[in-house]
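Descriptive analysis of the structure
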Amino acid sequence: MRLVDSLERPLRDLRISVTDRCNFRCTYCMPKEIFGRDFAFLPRAALLTFEEITRLARVFAAHGVHKIRLTGGEPLLRRDLERLVAMLAEIEALDDLTLTTNGSLLTPAKAHALKAAGLNRITISLDSLDDAVFMAMNDVDFPVAKVLAAIDAAADAGLSPIKIDMVVKRGANEQSILHMAQHFRGTGHILRFIEFMDVGNTNGWRMEDVVPAAEIVRTIDAAWPIEPVEPNYYGEVAERWRYVDGAGEIGVIASVTQPFCGTCTRARLSAEGELYTCLFSGVGHDFRALLRRGAADEEISAFLERTWGRRADRYSEIRTASTPDRAGSAVRRKVEMSHIGG
Ligand code: SF4
């Protein structure tokens with residue numbers, strides 16, 4: 001049965017975090033000062049097994065989910081991920097199986113194994129082509145060249161279309177916007193610019209550090225004229241633009257300045273089996289407890305119906321509607337993005 005929430009938004013898109021660990025320390029997501037050597041990450045026994053993830057995915061698919069995105073932390077840190085991909089790829093109702101990675105572990109062999117297992121496409125994060133800028137943002141001195149090699153590996157394996165996600169933060173990498181655009185023009189890869197968001201409670205977010213989508217679009221358009229393109233589907237996150245000269249497409253994800261909560265069809269499952277109905281939520285709904293006490297699919301399904309049916313999240317609209325800068329995000333405890341994936 002297709003599920004809709006209290007704002008008539010259907011459940012269509014499930015993001016599954018398979019680990020809360022990452023080998024990067026991106027300052028806008030997992031700052032080193034908080035996620036240091038002593039940080040208590042989830043113990044292995046707390047993580048959902050591939051069998052548990054697949055069982056939940058089947059229940060969600062029966063309620064309208066047709067797209068699954070695997071995330072983390074860094075999902076490729078989870079061993080044998082291609083085994084999970086193969087299990088999920090057997091779910092008939094799914095027509096889009098994708099993954100978001102920082103590329104650090106995406107070797108040609110891994111890319112081919114994921115493709116062979118049933119992964120359709122992939123999103124790779126890259127915040128600049130300038131090593132000094134990129135290393136400052138990932139905060140582990142990981143070089144650009146290795147991420148570019150991962151993008152090539154994904155392309156060779158046929159994990160296309162490849163999306164490249166760039167978080168833009170004023171004072172950190174806005175000077176890289178044109179360089180990135182130039183590099184990916186004509187490649188067939190879709191470069192997406194993401195506004196810096198007040199996710200979690202630890203990234204020191206300030207409104208003045210946000211480079212608005214409109215400014216990013218103006219910057220690109222001044223160099224290479226672009227025109228808007230219709231969304232591919234209801235609830236698509238990125239606003240689409242294409243180069244008038246035919247050099248391809250870019251996307252802009254404007255959660256702060258142009259919220260899109262009205263068509264949000266996304267649910268997020270954390271690595272320990274908590275469902276979050278919004279990226280900025282502070283409340284998880286425990287599906288692991290049901291699984292581990294032997295609940296039948298019907299009971300899990302009923303819990304999902306209640307959870308999604310009551311959903312009324314629209315944080316980004318509220319954030320912007322109230323005091324544009326601090327109040328909303330200051331008082332509200334939110335789950336960390338590294339815990340549920342973007
Ligand atoms: S803020 Fe929450 S409800 Fe709005 S688009 Fe993002 S995840 Fe969806």
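Above this text is the structure in question.
This text gives an overview of the structure that appears in the document. (Residues numbered from 1 in each chain as written. Predicted model: local features only at pLDDT ≥ 70, side-chain atom pairs only at ≥ 80, totals over all residues. Heavy atoms only, no water.)

1. Considering the sheet that holds strand β10 (residues 266-269)
Read across the open sheet, the 12 strands follow the order β7-β8-β9-β6-β5-β4-β3-β2-β1-β10-β11-β12; overall the sheet is mixed. Only two strands of the sheet have a single partner each, and these edge strands are β7 (226-229) and β12 (285-286). Pairing analysis gives four bridges linking strand β1 (residues 13-17) to β10, with the strands arranged parallel. What sits directly across from D13, in β10, is R266. Lying on the sheet, helix α6 (residues 177-184) is in contact with β5 (162-168), β6 (190-195) and β8 (239-243); it crosses β5 at an angle near 175°. (Pairing = 2+ DSSP bridges. Helix = DSSP H or I, 4+ residues; strand = E, 2+ residues; numbered from the N terminus. Contact = heavy atoms within 4.5 Å. Axes fitted to C-alpha atoms, helices over the stretch in contact; angles between N-to-C directions.)

2. Digging into the packing of aromatic side chains
Under the criterion given, the structure shown has eight aromatic pairs. Geometrically, the ring pair formed by F35 and F39 is tilted, given 4.7 Å between the ring centres and 45° between the ring planes. The exposure class assigned to F39 is partly exposed, which follows from its relative accessible area of 32%. With centroids separated by 4.5 Å and ring planes inclined at 20°, the aromatic side chains of F280 and Y315 adopt a geometry described as stacked. Note that F280 is positioned in the loop between β11 (274-276) and β12 and Y315 in helix α10 (residues 315-321), a separation of 35 residues in sequence. Of the two residues examined, F280 and Y315, each falls in the buried class. Ring pairing ties together the aromatic residues F24, F134 and F142, which thus form one cluster. (Phe/Tyr/Trp six-rings, centres within 6.5 Å; stacked < 30°, edge-to-face > 60°. Buried < 20%, exposed > 50% of the residue type's maximum accessible area, 1.4 Å probe, protein only.)

3. Concerning the side chain of D20
Inspection of the secondary structure puts D20 in the loop between β1 and α1 (50-61). For the buried D20, no salt bridge exists, and the shortest N-O distance to an oppositely charged side chain is 4.4 Å, to R21. For D20, the side chain forms a polar contact with the main-chain nitrogen of L42, separated by 2.9 Å. (Lys, Arg positive; Asp, Glu negative; His and termini not counted. Salt bridge = Lys/Arg side-chain N within 4 Å of Asp/Glu carboxyl O. Polar contact = N/O pair within 3.5 Å; in protein donor to acceptor, adjacent residues only side chain to side chain.)

4. Some details on the site of the ligand
Near the ligand you find 13 residues, and of these C261, C264, C278, L279 and S316 are the closest. Counting residues per element, the ones that place at least two in the shell around the ligand are β10 and α10. (Near = heavy atom within 4 Å.)

5. Digging into the pattern of salt bridges
Counted under the stated rule, the structure contains 22 salt bridges. Of the charged contacts, one joins R314 and E317 as a salt bridge, the two residues approaching to 3.1 Å between their closest N and O atoms. Beyond isolated ion pairs, a larger network of salt bridges with shared partners links D5, R9, R311 and D313.

6. Considering helix α2 (residues 81-89)
The periodicity of an α-helix, 3.6 residues per turn, causes residues three or four places apart in sequence to face the same way. Restricting attention to buried positions, one finds in α2 the residues L81, L84, V85, M87 and L88. Each buried residue of α2 lies within a common arc of 165° when the element is viewed along its axis, so the set occupies one face. Those residues of α2 hidden inside the fold are in contact with α1, β2 (67-71), β3 (96-101) and α3 (108-117). (Arc of directions from axis to C-beta.)

7. Observations concerning the side chain of S104
Counting through the fold element by element, S104 comes out in the loop between β3 and α3. When its relative accessible area of 19% is taken as the criterion, S104 is described as buried. A polar side-chain atom of S104 sits 2.6 Å from a polar atom in the side chain of N102. Apart from residues no more than four positions distant in its own chain, S104 is found in contact with N23, F24 and F142.

8. Details of unusual backbone geometry
Between G72 and G73 the backbone carries a cis peptide bond, its omega angle lying at 5°. Following the sequence through the fold, G73 ends up in the loop between β2 and α2. In this structure, E8 takes a positive phi of about 65° despite not being glycine. Overall, E8 belongs to the exposed group, its relative accessible area being 57%. Of note, the phi angle at D139 is positive, near 60°, even though the residue is not glycine. D139 gets classed as partly exposed once you look at its relative accessible area, which sits at 22%.

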